[in-house]
Amino acid sequence: MSEAIRVTRVTKRYGNIVGVADLSFAVAPGSLLTLLGPSGCGKTTALRLIAGFERLDGGSIVVGGAEVSGPEIHVPPEKRRVGMVFQDYALFPHMNVVANVGYGAQGRERVEALLDLVGLSGLEDRLPHELSGGQQQRVALARALAPQPAVILADEPFSNLDASLRTRVRREVKAILQDSNTTAVFVTHDQEEALSISERVAVMNDGRVLQVDNPSNLYRNPINPWVAGFLGEADFIKGRAAAGRVDTPLGIFATDLSGPVQVMVRPELVTLVPDPDGDAVVAGSEFYGHDQLVTVILSGGAGVRARLGTVPVFAPGTRVWVKAEGPVIYPV
Amino acid sequence: MTAVAPPITAAPPGRRLPRAPAGLVAAAVLVIGPLTLPVIYLMVEAVRGGGGSTVLPAGRLVELTVNTLALVAGVVVASTGIGLGTAWLTTRTDLTGARVWWTLAGLPLVIPSFVGALVLLGATGRQGILSRLGETIGLGPLPIPRGYVGALFALTMFTFPYVHLMATPALRRLDPGLEEVARGLGASPGRVFRTVTMPQIAPALRAAMLLVALYTLADFGAVSLLGYDTFTRAIFLQYAGRLDRTPATVLAALLVVIALVLIWWERRSRGRTVIPGGRTIRPHHRMPLTRRKRWLATGFLGLVVVASLVLPITVLVGWWLRGVAAGQAPVAILAETWRSLAVSGATALIVAAAALPVAILTVRYRSRVGAWCESAAWSLYALPHLTIGLAVLLVGLTVVTPLYQTLSLLLFAYLIMFLPQALGPTQAGLARVSPSLEEASRSLGKTAFATARRITVPLVGRGMLAGAGLVFLTTMKELPATLLLRPTEFETLAVRIWSTTSEGFYTRAAVAALVLLAVSAIPLYLLVARNAHE
Amino acid sequence: MRRYTHLPAARGVVAIALFTIACGGSTASTAESPGGDPLVVYSGRSEELVAPLIESFETDTGIDVEIRYGSSVEMAATINVEGSLSPADVFYAQDPATIGSIRNLLAPLPESVLSLVPQRFRDPDGYWTGITVRSRVLAYNPELVSPDELPGSYHELAEPAWAGRVGIAPTNGSFLTFVSAIIVLEGEEAALEWLEGLAANDPVEFDGNAPIAAAVDAGDVEVGLINHYYLLRLAAEQGGTTAVNYFFPNADAGSFVMPAGAAVLATAQNPEKATAFLEYLLSTGSQSYFADSVFEYPVVAGARAPAGAPPIDTLVSPDVSLTDLASAFDRATDLISESGLL
């Protein structure tokens, strides 16, 4: 099977409001795809459509080689073999850990094995309210994995955790998924989360997928300015392209476009060289402990930021030369 | 606790409720549908027979309407004033013994209005206990407060607990931050109360006031005993005093219309009230009282408790002892007690089960039929019990004749009258259960039915139990429908109190009343005490 | 695990519920009697009065009785509305007009019953029979009303002088018979006029006669229109009364001497048992009970008279045909409604 999930041109409407429109993407077996986008972009709707909690209005969804949603067919959630981890974990409050994890699966051994997998052996008799947030999350994951589903879906699984826990838990969950070779689709608005653990990321807005790619490509070559800004810090300089190049205060860059363009640069790829003859002026800087963000006004008046190490300190008014690497150029 | 209209919940944010499965809709319709039939039949019969001139002269109808509305208005104002006062003093001030006062103020719920009226009759008049006491101080005997004053007192004293209990959670949920901001901006405590506090508790107050209004509208026992001519009293007099049942039917239909108008008007002015789901993060600030205010507050609370609890129990016990001293044989009411318990328990159970499909349908799914079922149920709840009793009697005599004078017919009437009492808490309990729990169960392979059984019902269990407890209490106190529909020789405690009172045997009535109070007090205390922790 | 912690309680309630429904699935039944179905009696007379008789009847004859209590009118209306569905075998009313008004639903009584009762106190065509006799009186409290203040006739009670001082029971069968008698003797217009006058006179309304008697005795009401035996019973219960019976001097509706009637329903399931019951009520033992404990006049010749009540032949009473009385009943209820008393 080449794809664990294939979503083809799926549309879902709520009255006059579009939930998702013409949505298409695929997920390879054993890999993690994250749907990334701001609130209301339709990512949760897409997830619920795959799970079977919503009926689609058009298109089709195929899971594990079998069509589960389509114009003629809607397989109910309990028949889909799709496990789901909810944002609020949805652990059954009247059952202990063993009962929760074993709810969809048979046999104590399987439960024990899963608890071991998620590192919660020894907490079998606890009730959900007696567990920490991170522990609850792992129980939810174990429970979803227990019936050996074809796919695991997770809706903002880390957003309820303390920021300090998040990174560690993310890594652990990713490891568990890889160890069990589980296909997964996550949903989040946190681009750091999406980029750090996914094989592929689908950026969504207004019910549509704007770009699907692995994190590195996505980050380096965002398909449009909005995606660029959503994935990370980005500054835009206007310029005019002609004869295969555009001339900007940051340098001359090759491009196939012609006419007015915007050049996107990321602050972490901008370098500053102090020089009394420099054509840019430091306007200010913000100190972040591990780095600093220096704002610079270029000749021509445009502003750009540079994320640099904490040494040297750039006082406002210092003249600098500005260089940028890896820009992406868009038409205006 | 005692809502009188469905709690409307907002759908989980960003999600529209799914369409309802046909099986669930059918179950809900099967529950609610038959409940509406008797009243519809009543209205049809009333229209058919209503042309006759034998009903009542128009002037009398106007008089009845004015009397009824005047009583409703008076009781609503008085009980709201008292109930809000007791709730405020016991939840928002640092009065000593606030918890005890709070519980005491909720207990009078256990006393049915007709027992309250009975107590009034026994406390006043030349032989009344209060008169005797007054004589020792040198005051003259108290006149029996028949008519408006008596009915107002009897009803207010035993309905203000509704306001007290329903205002309490709203007062507890007040955000102290808002009041602090207002004070910081220079507003006096009075202004803070009017402009910041009142609007926040207004929805709860409005629901309580509607409940009190409907209760007063429906009251039959108290106004009969005290001789105040309201619609319900007139209906019963027509029923009991004439061979032709048509006048009673027509008047009942008119009363149904008045009640429906009242609730539709309230619904329209309500807008969408969302169940507050959040929890207060900070414990609310209790206002400190000056010494003088402390005395005033204690005095007020003391007066209320004396009038609504101490006085009734004293009068009843006094009557009982007087009878014992006069050598009367001990009253045998074991059979009636057992019957009351059994029939109330049965009703509570049936109602709780019947309410569940309707609750699930209206909270978890989007269904127009579900919304109608809910409206129908709440409208029926608002109707006076006498009219429901009459309607079911009509149906029993003409349509389902094998059920005439059977317990099943009586239980059917109880179901009509009390379903929403269980529906409300069940809906509220269900709304507190996140739908993602049910979705999780389905994603783990369980069908919708299995999910309801293993997840929904156990979690809603406490809400259902609260609803069942409430129904149990109300059924114990029910009088007019039971009078009309009971099988021969099937007397409940309430009926026994009523029949012995009509014959003037106050001692026997007192014993039955004391037993009724005792038996009702335990579930009431549990319900009230449970709400204290909410 | 915290699962289903309320299950035991629920089981208990289920058990009670099922038991109740099983018991009540059919009309509440008592123990099996040798003769099969119990006798069903609808009584318009109070339980306090009738229950001892029922008990002794059951003991003496072994026939089980199921009895339903309510006001006379309510019971008559119930029988009327139940029609052929009615489970009642016997209707025992408080007064002649109520029972007469449903003559069409009654079965003619056998001679064995009718022969025991003087014609004056039974239905001319034999559809019902009187069981006991009572006189209308005006009970008054001598501490509040002196004997010379007492009205010469009931008409005066509708005058302003008596405002707020009169107790009545407008749904009571005897009161309805009283009003029916006014209609028969004086016509509907006069009746309505009097009723309206009374209604405008702020009367104190009660649900039955016994509360009126108690209230007059206690002094909460000055006078009350009731039947003669209530004060006598009250006196027996509490060892004497302050209130006194006043018999109206004129032979009009206010002094009406009337029977409390009983009958067998045409649709009775147990006509023989029903007849036996009526015969029992007319037996010497029962009639003595009525005289000694209830203080009503017995109807059977030669029976003991009630102590403390004037001999029946000294009582003034208007001559009213019981048939006319029954026909006026419906109008009586209408007029009471129209006047605003109901």
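This text follows the structure it describes.
Residues numbered from 1 in each chain as written. Chains lettered and ligands numbered in written order. Predicted model: local features only at pLDDT ≥ 70, side-chain atom pairs only at ≥ 80, totals over all residues.

### Concerning the overall build of chain A
Here is step 1: Scanning chain A from terminus to terminus reveals 8 helices and 20 strands.
Here is step 2: When the backbone C-alpha atoms are referred to their principal axes, chain A occupies close to 75 × 45 × 35 Å.
Here is step 3: A buried classification covers 40% of the 332 residues belonging to chain A.
Here is step 4: Residue pairs at least 24 apart in sequence account for 64% of intrachain contacts in chain A once pairs closer than 6 positions are excluded. (Helix = DSSP H or I, 4+ residues; strand = E, 2+ residues; numbered from the N terminus. Buried ≥ 20, exposed ≤ 12 C-beta atoms within 10 Å, placed from the backbone. Contact = placed C-beta atoms within 7 Å.)

### Regarding the overall build of chain C
Here is step 1: Within chain C one finds 12 helices and 11 strands.
Here is step 2: In chain C, which comprises 342 residues, the proportion classed as buried is 54%.
Here is step 3: At a minimum sequence separation of 6, the contacts of chain C that also span at least 24 residues come to 77%.

### Notes on the sheet that holds strand β14 (residues 259-265) of chain A
Residue and element names in this part refer to chain A.
Here is step 1: One open sheet accounts for 5 strands, arranged β13-β12-β11-β14-β20; its pairing is antiparallel. Each having just a single partner strand, β13 (251-254) and β20 (328-331) make up the two edges of the open sheet. Across the sheet, the axes of successive neighbouring strands diverge by a mean angle of 35°, strand direction being ignored.
Here is step 2: Sheet analysis places strand β11 (residues 235-242) next to strand β12 (residues 245-248), joined by 2 bridges and oriented antiparallel. If you follow Ala 242 over to β12, its bridge partner there is Arg 245. (Pairing = 2+ DSSP bridges. Axes fitted to C-alpha atoms, helices over the stretch in contact; angles between N-to-C directions.)

### Some points on the interface of chain A and chain B
Here is step 1: The partner chain B presents 16 residues to the 19 residues of chain A that form the contact.
Here is step 2: Those elements giving two or more residues to the side of chain A that touches chain B turn out to be α1 (43-51) and β6 (82-85) of chain A.
Here is step 3: The biggest single contributor to the side of chain A that touches chain B is β6 of chain A, with 3 residues.
Here is step 4: Residue classes in the side of chain A that touches chain B are distributed as 12 nonpolar, 4 polar and 3 charged. (Nonpolar A, V, L, I, M, F, W, Y, C, P; charged D, E, K, R; others polar.)

### Focus on the packing of helix α13 (residues 334-364) of chain B against helix α16 (residues 407-432) of chain B
Helix-helix packing: each pair is described by the crossing angle between the helix axes and the interaxial distance.
Residue and element names in this part refer to chain B.
Here is step 1: One can describe the packing of α13 onto α16 by two numbers: an axis separation of 7 Å at closest approach and a directional angle of 50°. Of the possible angle classes, the one that applies to α13 and α16 is oblique. Taken as a pair, α13 and α16 cross one another with a handedness that is right-handed.
Here is step 2: Class assignment of the residues belonging to the contact of α13 with α16 gives a composition of 20 nonpolar, 4 polar and no charged. (Parallel < 35°, antiparallel > 145°, perpendicular 65-115°, else oblique. Left-handed = near helix turned anticlockwise from the far one by under 90°.)

### Overview of unusual backbone geometry
Residue and element names in this part refer to chain A.
Here is step 1: Across the junction of Val 311 and Pro 312, the peptide omega takes the value 5°, indicating a cis bond.
Here is step 2: Of note, the phi angle at Arg 9 is positive, near 50°, even though the residue is not glycine.
Here is step 3: Residue placement: Arg 9 occurs in strand β1 (residues 5-14).
Here is step 4: Residue Arg 81 is not a glycine yet carries a positive backbone phi of 55°.
Here is step 5: The topology assignment puts Arg 81 in the loop between β5 (66-69) and β6.

### Side note on the sheet that holds strand β9 (residues 200-205) of chain A
Residues and elements named next belong to chain A.
Here is step 1: If you trace the 6 strands from one edge of the open sheet to the other, you get β6-β7-β8-β3-β9-β10, paired in mixed fashion. Two strands lie at the open edges of the sheet, namely β6 and β10 (208-213), each paired on one side alone. Strand-to-strand, the axes of this sheet are offset by a mean angle of 20°, without reference to chain direction.
Here is step 2: Where strand β3 (residues 32-36) lies against strand β8 (residues 183-188), 5 bridges are found, and the strand directions are parallel. Along β8, the bridge assignment pairs Thr 34 with Phe 186.
Here is step 3: Packed onto the sheet, helix α4 (residues 133-145) meets β6 and β7 (151-155) and runs at close to 170° relative to β6.

### A look at the interface of chain B and chain C
Here is step 1: Residue-level contacts link 46 residues of chain B with 53 residues of chain C.
Here is step 2: Mapped onto the side of chain B that touches chain C, the elements with two or more residues apiece are α10 (231-241), α13, α16, α18 (448-477) and α20 (493-502) of chain B.
Here is step 3: For the side of chain B that touches chain C, the element with the highest residue contribution is α13 of chain B, accounting for 7 residues.
Here is step 4: Counted by class, the side of chain B that touches chain C contains 22 nonpolar, 17 polar and 7 charged residues.

### Some details on the pairing of strand β1 (residues 39-43) of chain C
Residue and element names in this part refer to chain C.
Here is step 1: Burial of β1 is extensive: 5 of the 5 residues sit out of reach of the surface.
Here is step 2: Residues of β1 alternate between two faces, with Leu 39, Val 41 and Ser 43 on one and Val 40 and Tyr 42 on the opposite face, all of them buried.
Here is step 3: In this view, the connection linking β1 to its parallel neighbour strand β2 (residues 65-69) by way of helix α2 (residues 47-61) has right-handed handedness.
Here is step 4: Note: β1 against strand β3 (residues 90-92), 3 bridges, orientation parallel. Residue pairing for β3: Tyr 42 is matched across the bridge by Phe 91. (Right-handed = clockwise from strand over helix to strand, strands pointing away.)

### Quick look at helix α3 (residues 108-118) of chain A
All names here are of chain A.
Here is step 1: Looking at α3, one finds that the buried residues are Val 111, Leu 114, Leu 115 and Val 118. One side of α3 holds all its buried residues, which, seen down the axis, span an arc of 100°. Turned more than 90 degrees away from the buried face of α3 sit Glu 109 and Asp 116, all of them exposed.
Here is step 2: Among the structural elements, α2 (97-101), α4 and α5 (163-179) are those in contact with the buried residues of α3.
Here is step 3: One or two steps after α3, the chain reaches Gly 119, where phi turns positive at roughly 80°. (Arc of directions from axis to C-beta.)

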